[in-house]
Amino acid sequence: MEQTEAFDLAVAFLKQSQREDEPPLAVDTEGVSESNGLLIVPCNSVQYLASQNARDHLLGCWPILVDLNTAAVRFGTLEERPLWR
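The structure presented is a predicted model; accordingly, all values stated were derived computationally and were not measured.

Conventions adopted
- Residues numbered from 1 in each chain as written.
- Predicted model: local features only at pLDDT ≥ 70, side-chain atom pairs only at ≥ 80, totals over all residues.
- Heavy atoms only, no water.
- Helix = DSSP H or I, 4+ residues; strand = E, 2+ residues; numbered from the N terminus.
- Buried < 20%, exposed > 50% of the residue type's maximum accessible area, 1.4 Å probe, protein only.
- Polar contact = N/O pair within 3.5 Å; in protein donor to acceptor, adjacent residues only side chain to side chain.
- Contact = heavy atoms within 4.5 Å.
- Salt bridge = Lys/Arg side-chain N within 4 Å of Asp/Glu carboxyl O.

Asks: I keep staring at unusual backbone geometry and nothing clicks. Help me out?
Replies: In terms of backbone geometry, most residues other than glycine have negative phi values and most peptide bonds are trans. The backbone phi angle of Gln52 is positive, close to 55°, even though this residue is not glycine. Looking at the element boundaries, Gln52 is found in the loop between α2 (46–51) and β5 (64–67). Accessibility expressed as a relative area gives 48% for Gln52, which makes it partly exposed. With a phi angle near 70°, Ala71 is a residue other than glycine that sits in the positive phi range. Relative to the helices and strands, Ala71 resides in the loop between β5 and β6 (73–75). Classification of Ala71 by relative accessible area gives partly exposed; the value is 28%.

Asks: Help me understand the side chain of Ser45 in this model?
Replies: Within the secondary structure, Ser45 sits in strand β4 (residues 43–45). Separated by 3.0 Å, the side chain of Ser45 and the backbone nitrogen of Tyr48 make a polar contact. Ignoring any residue separated from it by four or fewer positions in sequence, one finds Ser45 in contact with Pro24, Leu25, Asp56 and Leu58.

Asks: Would you take a moment to explain the pattern of salt bridges for this structure?
Replies: If you walk through the whole model with that rule in mind, you get 3 salt bridges. Of the charged contacts in the structure, one is a salt bridge between Glu22 and Arg19, with a shortest N-O distance of 3.8 Å. For Glu22, a relative accessible area of 26% puts it in the partly exposed group. With a relative accessible area of 48%, Arg19 lands in the partly exposed category. Where Glu80 meets Arg74, a salt bridge forms, and the shortest distance between an N and an O atom there is 2.6 Å. For Glu80, a relative accessible area of 17% translates into the label buried. Exposure remark for Arg74: the relative accessible area of 35% places this residue in the partly exposed category.

Here's what the structure looks like:
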């Protein structure tokens, strides 16, 4: 799978997983990377991504991981944190 296709899957996944009681979320296009066959797509609040102000940063926003071989999409886990640090 191409990275552009994987990125589109990540954006759709974030939109689908967005809850009504959460602030609007968006992907951080500048932070996208690839590691171990995964496209790593960070996300956070729209407000934080626009301002980069630490006070607007939402904690607990795990990046979206897209497997480039299988197209499986999911949020990352604590155990996988070394992949995007």
